Amino acid sequence: MYKNIFIIVCLLTASAFPWEFIGPEDNLEITNLYCFGGGHILAFVGETPDDNPLLFRSRDYGDTWDSITDCGLPRVYSVEKQIFSYNNRLYCGPTSQSLYFSEDSGNTWIKDSAIHCGGNNAYSFAAKDSILLVGTYGFFSRSTDYGKTYKDYILIPGLEHDIGAVFCLMAFRDVVYAGTQYGICLLYTSDAADELDGVDL
C-alpha cells in the first residue's frame, strides 16, 4: 500500500502560504525531485509494482506529467538521497543499490560498474573539474577521471561503523568536509597526501 505523499507547490505571497496539489497521480510515494530549470522536473517514485512507473517528468512546471516505466532503476528500492548533476550525467543512489547514472536527462539509468559502494547507498556527492567524490558508509570513493574509475578511502580507519553514513560532502578550495550519520564532521586537506593521494579538492 502506498503512502499518500504528493508533490505540492507553495506559492509565496505576502498574506498566505497556500499549497496546491499538482500531481502526478494520487496515492504515490514521491521520494525525490530533480529540477533541470525552465519548468523541467523529474519526480522519483518509491517502491512500486512491476507495472507502475518509476519516474514522472514534467516540462511545464508540473501542469502535465509523463510517466517513465522502464528506465533501468531497481523497482524494490527508492531514490531518497541526493540527485547530482556532473559532467553531462545525473547520478543517484537507490537504497542499498550502489550508484546509477543517466546520460539522457533521466529517461534511462545504468548501474555504475566502476564503483562498488560496498553494497551501500551512494549518499552524497562533491565534484571539482575531473574529480568526483561519492560518500557511502564509513568511506567515500574518489574518481580523478570524470567517474571512469574510482578508489576508496576510509575516513577514519577502524572507525567505519562509528562514522556511519556519509550523508553530505562539501568541497571548498583544498578542503573536503564530510557530515556523517553520527554527527562527526571530518575534513581532509591536500596535506594528507598519504591518505588521499594528494587530493586537491
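Residues numbered from 1 in each chain as written. Predicted model: local features only at pLDDT ≥ 70, side-chain atom pairs only at ≥ 80, totals over all residues. Heavy atoms only, no water.

**Focus: the sheet that holds strand β11 (residues 124-128)**
Then, in step 1: On the basis of which strands lie adjacent, the open sheet formed by 4 strands has the order β11-β12-β13-β14 and antiparallel pairing. Taken across any chain shown, the strands that pair with only one partner, and hence form the sheet edges, are β11 and β14 (151-154). Mean inter-strand twist for the sheet, computed between neighbouring axes without regard to direction, equals 20°.
Then, in step 2: Direction of pairing for strand β13 (residues 139-143) relative to β14: antiparallel, over a ladder of 4 bridges. Each bridged residue has a counterpart across the sheet, and for Phe-140 the counterpart in β14 is Tyr-153. (Pairing = 2+ DSSP bridges. Helix = DSSP H or I, 4+ residues; strand = E, 2+ residues; numbered from the N terminus. Axes fitted to C-alpha atoms, helices over the stretch in contact; angles between N-to-C directions.)

**Points about the sheet that holds strand β3 (residues 30-37)**
Then, in step 1: Strand order across the open sheet formed by 4 strands is β3-β4-β5-β6, with antiparallel pairing between neighbours. Across the chains shown, the open sheet's two edge strands, defined by having one partner strand only, are β3 and β6 (66-68). Strand-to-strand, the axes of this sheet are offset by a mean angle of 20°, without reference to chain direction.
Then, in step 2: Direction of pairing for strand β5 (residues 55-58) relative to β6: antiparallel, over a ladder of 3 bridges. Considered in β6, the bridge of Phe-56 is made with Ser-67.

**What to know about the pattern of salt bridges**
Then, in step 1: Taken as a whole, this structure holds 1 salt bridge when the rule is applied.
Then, in step 2: Of the charged contacts in the structure, one is a salt bridge between Glu-103 and Arg-89, with a shortest N-O distance of 3.0 Å. Of the two residues, Glu-103 is situated in the loop between β9 (100-102) and β10 (110-111) and Arg-89 in strand β8 (residues 89-92); the sequence distance between them amounts to 14 residues.
Then, in step 3: For Arg-89, a relative accessible area of 19% corresponds to the buried category. (Salt bridge = Lys/Arg side-chain N within 4 Å of Asp/Glu carboxyl O. Buried < 20%, exposed > 50% of the residue type's maximum accessible area, 1.4 Å probe, protein only.)

**Focus on the side chain of Arg-57**
Then, in step 1: Within the secondary structure layout, Arg-57 lies in strand β5.
Then, in step 2: With no salt bridge to any partner, buried Arg-57 finds its closest opposite charge in Asp-104, at an N-O distance of 6.1 Å.
Then, in step 3: Polar side-chain contacts of Arg-57 include one of 2.6 Å to the side chain of His-40.
Then, in step 4: Here Ser-105 takes part through its backbone oxygen, which lies 3.0 Å from a polar atom of the side chain of Arg-57.
Then, in step 5: Once you skip the residues sitting within four places of it in the chain, Arg-57 turns out to touch Phe-36, His-40, Ile-41, Leu-42, Thr-64, Trp-65, Asp-66, Ile-68, Ser-105, Gly-106 and Asn-107. (Lys, Arg positive; Asp, Glu negative; His and termini not counted. Polar contact = N/O pair within 3.5 Å; in protein donor to acceptor, adjacent residues only side chain to side chain. Contact = heavy atoms within 4.5 Å.)

**Thoughts on unusual backbone geometry**
Then, in step 1: In this structure, the amide linkage connecting Gly-23 to the following residue, Pro-24, adopts the cis form with an omega of 5°.
Then, in step 2: The topology assignment puts Pro-24 in the loop between β2 (19-23) and β3.
Then, in step 3: The phi dihedral of Tyr-61 is positive, around 65°, even though this residue is not glycine.
Then, in step 4: With respect to the helices and strands, Tyr-61 occurs in the loop between β5 and β6.
Then, in step 5: We classify Tyr-61 as exposed; its relative accessible area is 60%.
Then, in step 6: Located in the positive-phi region is Tyr-146, a residue other than glycine, with phi close to 60°.
Then, in step 7: With respect to the element layout, Tyr-146 can be found in the loop between β13 and β14.
Then, in step 8: Taking the relative accessible area as the measure of exposure, Tyr-146 reaches 41% and is therefore partly exposed.

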